[in-house]
Amino acid sequence: MTEKEVLDFDTVILGGGPAGMSAAIYTGRGELKTAIIDISMFGGQPSNYLELENYPGFGLIGGFELMEKFEAHADKFGVEKFSLQEILDINLNGEIKTIETGDYIFKSKTIIIATGAKPRKLGIKGEQEFLSRGVSYCAVCDGAFYKDKVVAVIGGGNAAVEEGAYLTKFAKKVYIIHRRDTLRADKIAQQRAFQNEKVEFIWDSVPVEIQGDKLVEKLIIKNVKTDKFTELEVNGVFPYIGFSPNVEQLDGKIEQDEQGFICCNANLETNIDGVFVAGDVRVTPLRQVVTAAADGAVAGCAAVKYLENQKVRV
Ligand code: NAP
């Protein structure tokens, strides 16, 4: 068995989405020897968003394009990047923390957790069985497979309403199925969806089962007010019901809320000395690219300050 390379850093940032890249810009600029590691390629969730129209200063920009700009900006400050690194173990305690991935052992004085969040599952029969055979959590990735087909989007937040409208570029009909009779999405997204003739809202309803043979053919929904079940003939189901935090290997090692999101104070310090958190993985009232980027700045500066204070103490 080949020995893993051991690498030393002032800070290791877990996650290469907007929070992580922004943190890297601040720690790199603060002259911390910085590593940023990601289980996948860099860019995080926004890389899958077709367009963003609320990232300040850009008006309208592709998600992938924006994240390329974040990465290029972090590159300017000599940040070392490690993609495709699954985290196998983490020790957050002590002055030197360790992170073991498939290829390396990282030793670091500070850690910034910016691992983001992943789509929440419906937890209904058929969801797992038909994954990639009609069930998808990414309209931008899979929408084109549904040309002239009928799809159902589940949820009433921005993601459901915006991605539902996006799917009408391909699908001949898009049901948006929401468990209440008012949407959570912001008004501008609502208006656009209401005006879209291919979108039909189904209110007060939840999905209970996805059925089909090789591919999805039907979605069974239940009206929560009348308890009536309805069968919808659909070719695709896109759940957009929020997110759960990416806390594998962190669960139980750090203070979290009841949904697993990481707790922190206003400086984005966690309950563990030298461990900071930024972006969607933390307890926060808003999960946007701009808030993730702002978090990265706060956490990055907090890590720089923490290490300055450590030096004073020695
Ligand atoms: P969200 O705002 O949390 O909305 C989740 C939706 O799913 C809610 O309507 C919720 O219903 C519903 N839901 C939750 N659990 C459910 C279940 N088990 N069964 C059925 N329905 C369920 O999540 P999101 O839309 O993914 O957005 C996440 C964050 O990203 C938000 O802060 C959002 O503003 C932001 N975002 C912004 C944009 C944009 O600004 N362009 C685009 C996408 C996302 P209730 O309403 O009844 O709770």
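This text follows the structure it describes.
Residues numbered from 1 in each chain as written. Predicted model: local features only at pLDDT ≥ 70, side-chain atom pairs only at ≥ 80, totals over all residues. Heavy atoms only, no water.

## Some thoughts on the pairing of strand 8 (residues 104-113)
Now for step 1: Among the 10 residues in strand 8, seven count as buried, and that is most of the element.
Now for step 2: If you look at the hairpin formed by strand 7 (residues 97-101) and strand 8, you'll find two residues sitting between the two strands.
Now for step 3: As paired elements, strand 8 and strand 18 (residues 275-277) share three bridges and run parallel to each other. Paired with Ile111 across the two strands is Val275, which belongs to strand 18. (Buried < 20%, exposed > 50% of the residue type's maximum accessible area, 1.4 Å probe, protein only. Helix = DSSP H or I, 4+ residues; strand = E, 2+ residues; numbered from the N terminus. Pairing = 2+ DSSP bridges.)

## Side note on the sheet that holds strand 13 (residues 205-212)
Now for step 1: The sheet built from three strands is open, its strands ordered 13-14-15 with antiparallel pairing. Among the strands making up the open sheet, the edge pair consists of strand 13 and strand 15 (229-233). Each neighbouring strand pair of the sheet contributes to a mean axis angle of 25°, computed without reference to strand direction.
Now for step 2: Across seven bridges, strand 13 lies against strand 14 (residues 216-223) in antiparallel orientation. Looking across to strand 14, one finds that Pro207 is bridged to Ile221. (Axes fitted to C-alpha atoms, helices over the stretch in contact; angles between N-to-C directions.)

## Quick word on the packing of helix 1 (residues 18-29) against helix 2 (residues 63-75)
Now for step 1: Here helix 1 crosses helix 2 at 25°, and the two axes come no closer than 8 Å. Judged by the inter-axis angle, helix 1 sits roughly parallel to helix 2. Where helix 1 crosses over helix 2, the handedness of that crossing is left-handed. Residue-level contacts link Pro18, Met21, Ser22, Ala24 and Ile25 of helix 1 to Met67, Phe70, Glu71, His73 and Ala74 of helix 2.
Now for step 2: Of the residues contributing to the contact of helix 1 with helix 2, the split by class is seven nonpolar, two polar and one charged. (Parallel < 35°, antiparallel > 145°, perpendicular 65-115°, else oblique. Left-handed = near helix turned anticlockwise from the far one by under 90°. Contact = heavy atoms within 4.5 Å. Nonpolar A, V, L, I, M, F, W, Y, C, P; charged D, E, K, R; others polar.)

## Some remarks on the sheet that holds strand 11 (residues 173-177)
Now for step 1: Read across the sheet, four strands follow the order 12-11-10-16 without closing on themselves; strand pairing throughout is parallel. Looking at which strands have only one partner, the edges of the open sheet turn out to be strand 12 (199-202) and strand 16 (236-239). Adjacent strand axes in the sheet meet at a mean angle of 20° when their direction is disregarded.
Now for step 2: When strand 11 meets strand 12, the two strands line up parallel, connected through four bridges. Counterpart to Val174 in the pairing with strand 12 is Val199.

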